[in-house]
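As a plain string of letters, each chain reads:
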Amino acid sequence: MLSVRDVVKAFGPVRAVDGVSLDLFPREVVGIIGDNGAGKSTFLSLLVGFHRPDSGSMVFRGRPVAITSPRIARNELGVEMIYQNLELSPDLTVWENLFLGEEIKRIGIFSDRRRMRNRAAEILRELNLKIGPLDIVSTLSGGEKQAVAIGRAILFERDVVIMDEPTAAVSVQKVEDVLGLVRRLKAHGKTVLLVSHRLEDVLSVADRIVVFYHGTIRKTLRNEGLGVSDLVHEMF
């Protein structure tokens, strides 16, 4: 799906990303772990166009690409990042948040509200959620809000979904619900990058685990028989 080769990003004398190469495949969950300052966030910012690499290359679906802005990442390549704060509008409904900024137009500037509500209901059923398209987002639980953000990725057919600490703001009882949504993204054929300090969550859903250390990838591990102590050992 996406191939990154020898990517470098420096801020002054500090090489935040120092020669990183990584291949990402369809229908795969890749866990990204590492201590604070290991380069994880900067690497992801290159994938979504918030920063441009100083050197290196990226190939998306077999063709070289330059991800120069979040708009190109999202609309032209289908790379969606779901941030820790989710970037939802709490006073709007679920369906309005799903289509926010990408509304279906009926005639000219007029939005097709009925069509969007119906499509939102389909997505919610697909994700096996008990919330409705007319629910106000501020009334939802942390896990339900995470589901709305994930619903956007499915609604607009994003190929690569990057999730930043998806269980950080979720109650212990709802963590498994969020991890179930990650598995559903994989079942939909998506490539999922999961960044989390909760190593047990990464072990629960990841096919491979990439360990960042001082701007480099220290090791890539198949998630076979690993435990939290194994990941901590590789990180430190």
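Structural data are supplied above this passage.
What you are looking at is a predicted structure, and each value in this text was computed from that prediction instead of being measured.

It is worth spelling out the sheet that holds strand β12 (residues 216-222) at this point. Spatially, β6-β9-β10-β3-β11-β12 is the arrangement adopted by the 6 strands of the open sheet, whose pairing is mixed. Pairing within the sheet leaves two strands with one partner each, and these edge strands are β6 (79-82) and β12. Shown here is a sheet whose adjacent strand axes are inclined to one another by a mean of 20 degrees, direction ignored. Bridge count between β6 and strand β9 (residues 160-164): 4 bridges; the pairing is parallel. Paired with V79 across the strands is V160, a residue of β9. Sitting on the sheet, helix α5 (residues 142-155) is in contact with β6 and β9, with an inclination near 175 degrees to β6.

This part is about the packing of aromatic side chains. Considering all chains together, one arrives at 3 aromatic pairs under this definition. Taking 6.2 Å as the distance between ring centres and 70 degrees as the angle between the ring planes, the aromatic pair formed by F50 and Y83 counts as edge-to-face. Taken together, the positions of F50 in the loop between α1 (40-47) and β4 (55-60) and Y83 in the loop between β6 and α3 (94-98) put the pair 33 residues apart, joining distant regions of the chain. Against the face of Y213 rests R218, its NZ or CZ located 3.8 Å from the ring centre.

Next up on the list: the pattern of salt bridges. In a structure, side chains of opposite charge can pair up when their charged atoms sit close to one another. According to the stated counting rule, one finds 15 salt bridges in the structure shown. Of the charged contacts in the structure, one is a salt bridge between D54 and K9, with a shortest N-O distance of 3.7 Å. One end of the pair, D54, is in the loop between α1 and β4; the other, K9, is in strand β1 (residues 2-11), with 45 residues separating them in the sequence. Of the residues examined, D54 reaches a relative accessible area of 47% and is grouped as partly exposed. Across the pair E157 and K190 runs a salt bridge whose closest N-O atoms are separated by 3.6 Å. With E157 in the loop between α5 and β9 and K190 in the loop between α6 (175-187) and β10 (191-195), this residue pair connects regions lying 33 residues apart in the sequence. Judged by its relative accessible area of 53%, E157 falls in the exposed class. For K190, a relative accessible area of 5% translates into the label buried. Where salt bridges share partners, they join R74, E80 and R158 into one cluster.

A few words on α5. Here α5 spans 20 Å end to end across 14 residues, near enough to the 20 Å set by a 1.5 Å rise per residue. By the criterion of burial, α5 is predominantly enclosed, with 11 of the 14 residues buried. Listed in full, the buried residues belonging to α5 are G143, Q146, A147, V148, A149, I150, G151, R152, A153, I154 and L155. Packed against the buried residues of α5 are β6, α3, α4 (113-126), β9 and α6.

This paragraph deals with a nonpolar patch on the surface. A surface patch of nonpolar side chains, about 260 Å² in accessible area, is lined by V228, V232 and F236. By the secondary structure assignment, V232 is in helix α8 (residues 228-235). Residue classification places V232 among the partly exposed positions, given a relative accessible area of 34%.

Glancing now at the sheet that holds β1. Reading across the sheet, the 4 strands line up as β2-β1-β4-β5 and stay open at both edges, with antiparallel pairing between neighbours. Both edges of this open sheet fall to β2 (14-24) and β5 (63-65), since each of them pairs with a single strand only. Here the average twist between neighbouring strands, direction ignored, is 30 degrees. Direction of pairing for β1 relative to β2: antiparallel, over a ladder of 8 bridges. Note that in β2 the partner of A10 across the bridge is R15. The strands touched by α1 within the sheet are β1, β2 and β4, with β1 carrying the most contacts at an inclination of about 120 degrees.

Rules used in this analysis
- Residues numbered from 1 in each chain as written.
- Predicted model: local features only at pLDDT ≥ 70, side-chain atom pairs only at ≥ 80, totals over all residues.
- Heavy atoms only, no water.
- Pairing = 2+ DSSP bridges.
- Helix = DSSP H or I, 4+ residues; strand = E, 2+ residues; numbered from the N terminus.
- Axes fitted to C-alpha atoms, helices over the stretch in contact; angles between N-to-C directions.
- Contact = heavy atoms within 4.5 Å.
- Phe/Tyr/Trp six-rings, centres within 6.5 Å; stacked < 30°, edge-to-face > 60°.
- Lys NZ or Arg CZ within 6 Å of the ring centre and 35° of its normal.
- Salt bridge = Lys/Arg side-chain N within 4 Å of Asp/Glu carboxyl O.
- Buried < 20%, exposed > 50% of the residue type's maximum accessible area, 1.4 Å probe, protein only.
- Expected span 1.5 Å × (residues − 1).
- Patch = residues over 30% accessible without salt bridge, like charges linked within 9 Å, V, L, I, M, F, W, Y side chains within 5 Å.
- Areas by Shrake-Rupley, 256 points an atom, 1.4 Å probe, with all protein chains shown as cover.

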